[in-house]
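Working through the structure, step by step
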Amino acid sequence: ITNKDGQTLKDWCHSQYRDTDEEFTRTQYFYRGEDELILKIQLQRMKDVRKQLQGGYFVIQDCTDEYTKIKKERYLATHDNLTGLFNKVFFCDKVQKYVKKKAPGDLLLICSDIKDFKMVNDFFGTAVGDHILINFAEMLKNKIDGVIVSGRLGNDLFAVLMHKENFDEQVFLRRSREAFSSCMNKSVAFPMINHLGVYEITDTTTPVSVMCDRARLAIASIKSDYNKRVAYYDNALRENIKREQELIADLGDALSEGQLKMYLQPQMSSDGTVLGAEALVRWHHPIKGQIMPSEFIPAFERNGLISEVDSYIWELACKLLRKWKDQGRDELYISVNISPRDFYFLNIYQIFTELIE
């Protein structure tokens with residue numbers, strides 16, 4: 001048994017007994033071959049009634065298992081068990097301590113989200129999904145220059161803190177693709193896409209959890225855009241998000257108070273005969289005035305609320321068709337829009353059948 005300097009335990013004890021007058025209790029690291037030993041060593045002195053030193057002895061306790069268990073528990077409390085990166089709580093703590101020492105504007109907090117990752121687990125199994133997450137974590141640790149702190153915030157959401165001057169969008173995205181491609185079967189065409197949300201730390205007192213939320217909001221702004229991979233959180237995005245949240249909050253009143261209006265775009269034959277119409281929606285807000293579909297439809301698409309708007313317009317269309325039929329105009333039709341999102345939340349066939357009945 002030797003320490004890192006090659007000194008045996010016996011020789012170490014002799015030197016401590018010779019050179020130390022006081023009693024002590026110390027924790028020392030020794031090695032038996034490649035195995036590390038953690039020893040709690042206590043020196044006891046023996047004196048006679050006249051306080052004269054008569055000798056002494058060492059009490060040596062092997063604490064390796066105890067310390068290893070504590071070390072493992074501490075690791076599990078601060079790290080993600082699958083990837084070895086910091087977990088969300090410890091990542092936020094490490095970042096907060098680091099940014100407090102730095103001037104604002106020099107650092108970026110970047111969140112990365114793998115698009116439709118749940119489908120990977122569904123199609124290929126969790127073993128493949130875990131392999132992808134592990135590879136991605138290794139990429140963050142070893143293949144991106146300038147990463148200061150990295151962590152896994154949950155599922156397929158990762159975050160890094162890095163200096164602004166080190167961030168290169170194309171390098172980050174290329175390394176991500178390499179991490180993905182090494183895990184996937186080359187015969188299977190499955191697009192692995194990750195989006196980056198970038199938050200520039202302009203106020204070092206902002207809680208890191210809030211920084212992460214803002215980076216994720218940036219990601220949310222491009223989730224439905226297949227041409228964009230990176231989004232930056234800025235004042236314009238903040239205002240857009242605020243506006244979107246206001247529209248979402250107002251939707252309930254808009255439906256109950258009839259603020260959403262159905263407009264008709266006539267559809268005609270080449271000889272000018274009216275065949276029917278296409279139903280369009282306009283929002284007459286009591287305070288904001290007329291809100292165009294280009295503003296509220298994308299917001300509701302992203303949040304799954306488009307189904308409520310579509311269902312409302314479908315019902316208005318059926319009521320108007322009933323009115324036309326009573327007037328003897330049952331040859332007219334109204335075409336309506338169906339969002340792809342509706343198929344996730346609604347039984348389209350059942351709703352249309354009941355409305356028509």
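Keep in mind the model is a prediction, meaning the values are calculated, not measured. (Residues numbered from 1 in each chain as written. Predicted model: local features only at pLDDT ≥ 70, side-chain atom pairs only at ≥ 80, totals over all residues. Heavy atoms only, no water.)

Thoughts on the environment of V198
Note the cut-off: The way it works is that DSSP assigns letters per residue, a run of H or I at least four long becomes a helix, a run of E at least two long becomes a strand, and they are numbered from the N terminus. Type-normalised accessible area, obtained with a 1.4 Å probe on protein chains alone, sets the label of each residue: buried when under 20%, exposed when over 50%, and partly exposed for intermediate values. The criterion used for residue contact is that any of the two residues' heavy atoms lie within 4.5 Å.
For V198, the location among the structural elements is in strand β7 (residues 194-200). Overall, V198 belongs to the buried group, its relative accessible area being 1%. The contact partners of V198, leaving out residues within four places of it in the chain, are L108, L109, I110, F167, A218, V230, A231, Y232 and Y233.

Let's talk about the layout of surface pockets
Our working rule: Residues are said to line a cavity or pocket when one of their atoms sits within 4 Å of a point; the points come from a 1 Å grid over protein atoms alone, cavities being sets where a 1.4 Å probe fits but cannot get out and pockets being open sets with protein on both sides within 12 Å along at least five of seven lines. Grid points are joined across faces, edges and corners, and a volume is the space filled by probe spheres set on the points. Classification convention: Asp, Glu, Lys, Arg as charged; Ala, Val, Leu, Ile, Met, Phe, Trp, Tyr, Cys, Pro as nonpolar; all other residues, Gly among them, as polar.
Each pocket or cavity is described by its volume, and for the largest pocket that value is around 1000 Å³. Lining the largest pocket we find 33 residues, and of these A220, K223, S224, R302 and R341 sit closest to its centre. Only β4 (107-114), α4 (117-124), α7 (208-220), α8 (235-256) and α9 (293-303) provide two or more residues apiece to the lining of the largest pocket. With seven residues, α8 is the largest single contributor of residues to the lining of the largest pocket. Residue composition of the lining of the largest pocket, by class: 14 nonpolar, six polar and 13 charged. In this model, the second largest pocket occupies a volume close to 310 Å³. If you go around the second largest pocket, the residues you meet are W314, A317, C318, L321, R322, K325, I334, V336, F352, L355, I356 and E357. Counting residues per element, the lining of the second largest pocket draws most heavily on helix α10 (residues 306-326), at six residues.

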